[in-house]
Amino acid sequence: MQTHVGGHFPQLGSPRGGHVGSAGQWQGCSPPHPEGPAALSTCSLPAWEDLLGTMGPSLTALLCLNDLPAPRFEVEPNYPVPVGEALTLTCVGSYDSFDYRLWKEAVQEPLTADDSCWEGMSPVFHYPNVTAKRAGRFRCLYLFHDFWSKLSEPLDVAVAGLYEKPFLWATPGLSVPLGETVTFRCNSSVGLDKFVLYHGDPEDGFKVIKPQNIKNNEAVIHLRNKTQEMNGNYRCYGYMSSEPHHWSAASDILVLSGVDLPPGYCTTIHLIHVVLALAPLGVLLT
C-alpha cells in the first residue's frame with residue numbers, strides 16, 4: 001500500500017510526445033531560451049557591467065550563468081477539482097519577476113498551441129469554472145531581466161466529475177476494533193481501470209491510498225492492524241489509464257469507526273452469559 005499525505009496527487013504517468021519533443025522543441029509558446037541554453041551561459045562585458053551596477057555581484061552571477069532558481073509552483077485546491085469549480089495555479093518566483101509562463105505537458109496526445117501554454121504578468125493563473133481542458137500536468141517558469149528561470153517541479157491537476165461515481169464498500173463493516181483488518185473495495189460500472197482512495201477531508205488534510213490490487217474494474221485496499229488514526233471518512237475516485245487526469249465523481253463517503261475493547265471485556269461478557277444460562281437451573285434446584 002502506498003500512502004501520500006495531503007496536497008500531493010499520486011504520480012499519474014510519464015509525459016509522452018507533445019509538449020517537449022525529442023529534439024527539445026517546445027509546442028505552443030516560443031521556447032524560454034530561443035537560442036538554446038548555451039547562448040545565455042555568459043554575458044558580454046557591457047551587459048555584465050550594466051547588471052552589476054544595478055543588481056550586485058551575486059544576482060548578476062546567477063543571471064549570467066543562466067541559473068535562476070526554479071519557481072515554487074502551487075495549486076489550490078490540492079485535491080481533484082470538481083467540474084465547474086474554481087482552480088488557481090500560482091507560480092512564485094524568487095525575484096521581482098516580470099513575466100510568467102504556464103506549460104501543460106502532453107501525457108498521451110500532442111497539444112495545440114492554445115492548449116499548452118499560457119502567459120501573463122501575474123503569477124496567479126485563475127480559472128473560475130473548470131472544465132476537462134484544465135486537467136493535466138503543469139510546470140511554470142518566470143522571466144527576470146530577459147532571463148528565464150528553470151522550470152518548476154510538475155503539478156498534476158485532476159478534474160473530477162467526468163465519469164459516474166464508483167461504488168465503495170468495506171468488509172467486515174464500518175465498525176472495526178483496533179488491531180483488526182478492514183478491506184475497502186471500489187468498483188466502477190463504467191469500465192474505469194485505475195482507482196485512488198482518499199482518507200480524511202480535503203479541508204482538514206487527507207491521505208491518498210493506492211490500491212494493492214485492481215481487477216475487473218474493482219480496486220481492493222487492505223488496511224491492516226487498524227489504529228485510531230484510521231477512523232474517519234473515506235471516498236474513492238476512478239479514472240482511465242489512458243486519461244490519467246480525467247477523474248470520476250467521488251464515491252459516497254464511508255465513515256470508519258471502532259475502538260479497542262477494554263481489558264477483561266470478553267471475560268466479563270462470557271461470565272454474564274454463563275450466569276444467565278445457569279439461572280433457570282438454579283431455580284429448578286430450589
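Everything below is about the structure shown above.
How each quantity is defined
- Residues numbered from 1 in each chain as written.
- Predicted model: local features only at pLDDT ≥ 70, side-chain atom pairs only at ≥ 80, totals over all residues.
- Heavy atoms only, no water.
- Disulfide = S-S within 2.5 Å.
- Helix = DSSP H or I, 4+ residues; strand = E, 2+ residues; numbered from the N terminus.
- Buried < 20%, exposed > 50% of the residue type's maximum accessible area, 1.4 Å probe, protein only.
- Contact = heavy atoms within 4.5 Å.

Tallying each qualifying case throughout the model produces 2 disulfides. Here Cys91 engages in a disulfide with Cys140; their sulfurs sit 2.2 Å apart. For the disulfide bridge between Cys91 and Cys140, the dihedral angle about the S-S bond is near 90°, and by the sign convention the bridge is right-handed. Residue Cys91 is found in strand β4 (residues 87-92), and its partner Cys140 is found in strand β8 (residues 136-144); the two are separated by 49 residues along the sequence. In this pair, the class of Cys91 matches that of Cys140, namely buried. Note that Cys186 is cross-linked by a disulfide to Cys236, the S-S spacing being 2.0 Å. Sign of the S-S torsion, about 75° for the bond between Cys186 and Cys236, identifies this disulfide as right-handed. Taken together, the positions of Cys186 in strand β13 (residues 182-187) and Cys236 in strand β18 (residues 232-240) put the pair 50 residues apart, joining distant regions of the chain. Assessed through its relative accessible area of 0%, Cys186 is described here as buried. Judged by relative accessible area, Cys236 falls into the buried class, the value being 1%.

This paragraph deals with the environment of Leu254. Assignment of secondary structure puts Leu254 in strand β20 (residues 254-256). As for Leu254 and His199, which are separated by 55 residues in sequence, their C-alpha atoms are 9.7 Å apart. Apart from the residues within four sequence positions on either side, Leu254 is in contact with Leu168, Trp169, Ala170, Leu174, Phe184, Gly232, Asn233 and Tyr234.

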